[in-house]
2 protein chains.
Amino acid sequence: MKTAIGIDLGGTTIKGAIIGETGVCTHITRVPTGADQGGRHVLSNIMDLIGELINKSGRDASSFVGVGFGTPGFVGADGMILGGAENLPGWKGTQVYAPITERFGLRVSGANDVTSVALAELKFGAGRGVQNIVCFALGTGVGGGIATDGKIYKGTHGMAGEIGHIVVETDGAQCTCGRKGCVEAYASATGIVKMAVDFAKTETSPFAAIAHETPAEVTSKMVYDYVAKGDALAMKVHHRMCDMLSRAIGTILDTLSPDRVILGGGVMMAGDVIIDTVKTYTPKYCWPAIYERCEIVIAQMGEDAGVLGAGALALEEFV
Amino acid sequence: MKTAIGIDLGGTTIKGAIIGETGVCTHITRVPTGADQGGRHVLSNIMDLIGELINKSGRDASSFVGVGFGTPGFVGADGMILGGAENLPGWKGTQVYAPITERFGLRVSGANDVTSVALAELKFGAGRGVQNIVCFALGTGVGGGIATDGKIYKGTHGMAGEIGHIVVETDGAQCTCGRKGCVEAYASATGIVKMAVDFAKTETSPFAAIAHETPAEVTSKMVYDYVAKGDALAMKVHHRMCDMLSRAIGTILDTLSPDRVILGGGVMMAGDVIIDTVKTYTPKYCWPAIYERCEIVIAQMGEDAGVLGAGALALEEFV
């Protein structure tokens, strides 16, 4: 079986593994990112991790088809980080491909981290059997990954899939990007917490009392724990979140008419309650004929999706 | 040189031509659509036109690589019209591929008419030399066509590219689709006229006087004739149109990060004034790094874009 080395770069941890064509994922290894020490140091940590994985495998570097990596932000076609990774100071401007190829003799393919996850879903998860998918990753922010005609779509400069910044409400909630009304400001964990704390000022419910007293302790998981109990504040936040997310999904449906929209990320630990409610809002925001032909489903790949998709990038490109 | 038969189906006219690989377009022939006589009659007219083109060519049908056609609405992968062509009653549900193949022994590839235009731009026009483009056709409505990684992207059911219904203003202007605030309600000829007539009720300018007196005679061309004169009403309409169009372009940029956004259709007869103003608004509505890497340009293909792109569909798929 052909194998690749997958690297999933996060703000605090770099995760590496050996990925096989069938989606098998072995030798999972984590090292600290060391983001505060700058882009060069992060790259050095990635390189050492690749070396460690090759050693652990007991094989020659040349036996791997290549290295795939997922990163926050944008990777240019030549392996240069072009931006969009605010939590990794100095990472922008780092050339990633050349040093890895020089040291290990391996080709490298990189992509945005959610794009990597989308590839994992396409090949091994909720996207199996179809050609066109769009993934929303509902985490601290909202990321996106797109596959068209059975292949990951990166855009020429690796910048496609910034669907967290689809505007869903004119002059709406402030987004971290500086604009207003982006879906990220409602459907991310951060956005959900902010809505809960804001609404708690005027709403009355058991959860509202807690959110009002100790706003700093509110989490999106807590919101969904109270949704499960039918709490009025939590339900209000949930419906607004799902309404806004559905507007972005509607835009995506009209634009790309995917076979499946896949919702993942930490927020989706809440599970079917979000899928079910999104399905009540989305038909209002797109062509009925397109909606009828698209499934909205929950992501199937777990916490290894990033590193698996990263390895799959190399397997897709170099096999 | 390999050639195909291209068919461009419109609400009033069916246009056919013989299209060569280099974009050469000969034997252009027009026949009435006969839309009021139903889908079966329209198909019969298309078939007769194909027969006429083969006769005119003096060649065997088998010397063509296939037939390509562009149509309003959605074409499924099997050649069934799946909807979205309201000006062609009874066209939905028509199977187009099988009868043509049966009569002429030629393979058929169909797509939405603006998707066909996008292919013509990609291969021979404003999209030459790049891989990823999005076309906006600003006509009676607003249509769209998308190419990813150098190929036309139709979506599994031929429904991709309904970007005229990207919502750009929450609870905004009424759109013909039943929703509110779609970009089509502002950036189509119909939307431009409606804005001019509405604004004329309160605005004072030479054009406002005319629009107020004879609203039924206002056209989008007239609006842009007055934009050229700096008329206050016309400028107000123009800026609102460009602002709203830019919001949709911003969404497309964040989603697909295309190399070029190509603006075409009848409204774009106004030319650079729209491009120039759109370029002042769009940066507000997307990631700066994505905007910097995308050109917003005017369509280059003229009135034959539809039939040329239709033929190119067959050349792309069957050569």
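Structural data are supplied above this passage.
Residues numbered from 1 in each chain as written. Chains lettered and ligands numbered in written order. Predicted model: local features only at pLDDT ≥ 70, side-chain atom pairs only at ≥ 80, totals over all residues.

## Let's talk about the overall build of chain A
Alright, step 1. For chain A, the count of helices and strands is 11 helices and 12 strands.
Alright, step 2. Since a compact globule built from 319 residues should have a radius of gyration of about 20 Å, the 20 Å found for chain A is in line with a globular shape.
Alright, step 3. In terms of principal-axis extent, the alpha carbons of chain A reach across some 65 × 45 × 30 Å.
Alright, step 4. The 319 residues of chain A split such that 55% are buried. (Helix = DSSP H or I, 4+ residues; strand = E, 2+ residues; numbered from the N terminus. Rg over C-alpha atoms; globule rule 2.2 N^0.38 Å. Buried ≥ 20, exposed ≤ 12 C-beta atoms within 10 Å, placed from the backbone.)

## Here we look at the nonpolar core
In summary, soluble globular proteins display a tendency toward joint burial of nonpolar side chains.
Alright, step 1. Within the largest apolar cluster, 222 residues are counted, with the highest numbers of intra-cluster contacts made by A:Ala196 and B:Ala196.
Alright, step 2. In contact with B:Ala196, not counting residues within four places along its chain, are B:Ala211, B:Val218, B:Val223, B:Leu233 and B:Val237. (Core = buried A, V, L, I, M, F, W, Y, C linked by C-beta atoms within 7 Å. Contact = placed C-beta atoms within 7 Å.)

## Brief notes about the pairing of strand S3 (residues 25–32) of chain B
Residues and elements named next belong to chain B.
Alright, step 1. Both strand S2 (residues 13–20) and S3 contribute to a ladder of six bridges, which runs antiparallel. Residue pairing across strands places Thr13 opposite Pro32, the latter belonging to S3.
Alright, step 2. Where S2 folds back on S3, the antiparallel hairpin that results is connected by four residues, among which Gly23 adopts a positive phi of roughly 95°. (Pairing = 2+ DSSP bridges.)

## Some remarks on the interface of chain A and chain B
Alright, step 1. Each partner contributes to the interface: chain A provides 32 residues, whereas chain B provides 32 residues.
Alright, step 2. Among the elements of the structure, strand S6 (81–83), helix H8 (232–256) and helix H10 (288–292) of chain A are those that each provide at least two residues to the side of chain A that touches chain B.
Alright, step 3. A per-element tally of the side of chain A that touches chain B places H8(A) first, with five residues.
Alright, step 4. In terms of residue class, the side of chain A that touches chain B is made up of 12 nonpolar, 13 polar and seven charged. (Nonpolar A, V, L, I, M, F, W, Y, C, P; charged D, E, K, R; others polar.)

## Topic: the relation of the copies chain A and chain B
Alright, step 1. When chain A is brought onto chain B, the operation consists of a screw motion whose angular component is 180° and whose axial shift is 0.0 Å, with 0.0 Å RMSD remaining. Read as a symmetry element, the transformation amounts to a two-fold axis. Among all residues of chain A, the minimum C-alpha distance to the rotation axis is found for A:Thr170, at 2.8 Å. (Least-squares fit on C-alpha atoms with pLDDT ≥ 70 in both.)

Shape descriptors only; they carry no functional weight alone.
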